[in-house]
Amino acid sequence: AFWLGSQRPPSRNHLHGVYSMRPLTDEETRAVFEKLKKYIGQNLRQMVDRPDGVHLFRLHKERVMYMSERVMKLAGHVPKKQLLCAGVCLGKFTHSRKFRLSITCLDYIARLAQYRVWLKPSGEQHFVYGNHVVKAHLRRITEGAPKNAGIVVLNEADVPIGFGVTAKSTEECQKAGVEALVVYHQADVGEYLRDEADLV
C-alpha cells in the first residue's frame, strides 16, 4: 500500500520541473516508523494499509508528509517553489537526521494511541504552555502504561491537546508524590500560536 525508496519513481510529469517531494529512503522510513510505533504500536498498520485508498509518505523540505495518492498527484501540478506542504505533516528530520514528530500529526496518533493521560484544567493550561506534567495535574492514565512510552495527552473533555513520553509507569504514578514528573512534554496545541512560522 506504500512504496519505499526508489521502488516507485515519480512519473515524467512530476519530473517536469514542478515536483519537489520524493519518497522516503529505507533508512528514513525506518526512523519515521520507529517513532510512530512508540505512540501507536501495531496500529501503524492502519496508516499503511488503509481501506479508503493508497496513502503515501513523502519528504518535502525535510518534513515528512502523509497523504493520499490523489493528493500527491494534485500536488505534482504545483510549482515546487510555491508548494508549502501537501497532506499532513507528521514531523521533520533534524540536521543530525533524527526524526521528530510535530504537533500537526496529533489527530492521527490520538486516534491510534496505545496510551493516554487525562489532565485536570490546571494541568491542561500548564501543559499547553510547553511544560511537563506532574502528578498533581493528573486526572487519570491508561492502565498498564510503561515508563518511557509515547502517550497522548487529553483534557477532561476528551480533547487531545498534545503528546509526550511517560516519566513513570501507571503503577509508579499511583505511588508518586504530587510534584513528581509523570509525563515529559513533547508537543502541544499551544505551538500553533507560539511556533506558527515553524509549522509550515
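Data block above holds the structure.
Here's a quick rundown of the structure. (Residues numbered from 1 in each chain as written. Predicted model: local features only at pLDDT ≥ 70, side-chain atom pairs only at ≥ 80, totals over all residues. Heavy atoms only, no water.)

A word on the overall build of the chain
Of regular secondary structure, the chain possesses seven helices and 11 strands. Counting over 200 residues, the chain shows a buried share of 44%. When the accessible area of the chain is evaluated, it comes to approximately 11000 Å², of which 50% is carbon and sulfur surface. (Helix = DSSP H or I, 4+ residues; strand = E, 2+ residues; numbered from the N terminus. Buried < 20%, exposed > 50% of the residue type's maximum accessible area, 1.4 Å probe, protein only. Areas by Shrake-Rupley, 256 points an atom, 1.4 Å probe, with all protein chains shown as cover.)

What about the sheet that holds strand E5 (residues 99-101)?
Here five strands make up an open sheet; going across it, the order is E1-E2-E3-E4-E5 and the pairing antiparallel. The open sheet terminates on both sides in strands that have one partner only, identified here as strand E1 (22-23) and E5. Sitting on the sheet, helix H1 (residues 26-40) is in contact with E1, strand E2 (55-60), strand E3 (63-68), strand E4 (88-93) and E5, with an inclination near 35° to E5. (Pairing = 2+ DSSP bridges. Contact = heavy atoms within 4.5 Å. Axes fitted to C-alpha atoms, helices over the stretch in contact; angles between N-to-C directions.)

Structural notes on the environment of Leu56
If you trace the backbone, Leu56 turns up in strand E2. For the pair formed by Leu56 and Gly87, sequence separation is 31 residues and the distance between their alpha carbons is 9.5 Å.

Regarding H1
If you check H1, its first and last C-alpha atoms are 20 Å apart, about what 15 residues at 1.5 Å a residue would give, namely 21 Å. Of the residues making up H1, those classed as buried are Glu28, Thr29, Val32, Phe33, Leu36, Tyr39 and Ile40. With its buried residues spanning 120° around the axis, H1 presents them on a single face. Summarising the geometry of H1, the exposed residues directed more than 90 degrees from the buried face are Glu27, Arg30 and Glu34. (Expected span 1.5 Å × (residues − 1). Arc of directions from axis to C-beta.)

A few points about the pairing of strand E6 (residues 116-119)
Two strands pair when backbone bridges link them, and E6 and strand E9 (residues 150-154) are joined in this way by three bridges, in the parallel orientation. In the strand pairing of E9, Val117 is matched with Val153. With three bridges joining them, E6 and strand E8 (residues 138-141) adopt antiparallel strand pairing. Each bridged residue has a counterpart across the sheet, and for Trp118 the counterpart in E8 is Arg140.

Structural notes on the sheet that holds E8
Sheet architecture is open: six strands sit in the order E7-E11-E10-E9-E6-E8, paired in mixed fashion. Of all the strands in the sheet, the pair left with one neighbour each is strand E7 (133-134) and E8. Two elements, E9 and strand E10 (residues 160-166), share five bridges in a ladder whose sense is antiparallel. Looking across to E10, one finds that Val152 is bridged to Phe163.

Structural notes on the pattern of salt bridges
Counting across every chain of the model gives eight salt bridges. With a closest N to O distance of 2.7 Å, Asp49 and Arg45 form a salt bridge. Between Arg97 and Glu62 there is a salt bridge, with its nearest N and O atoms 2.3 Å apart. With Arg97 in the loop between E4 and E5 and Glu62 in the loop between E2 and E3, this pair connects stretches of sequence that are 35 residues apart. Three or more residues joined by partner-sharing salt bridges are found here, namely Arg22, Glu28, Glu62 and Arg97. (Salt bridge = Lys/Arg side-chain N within 4 Å of Asp/Glu carboxyl O.)

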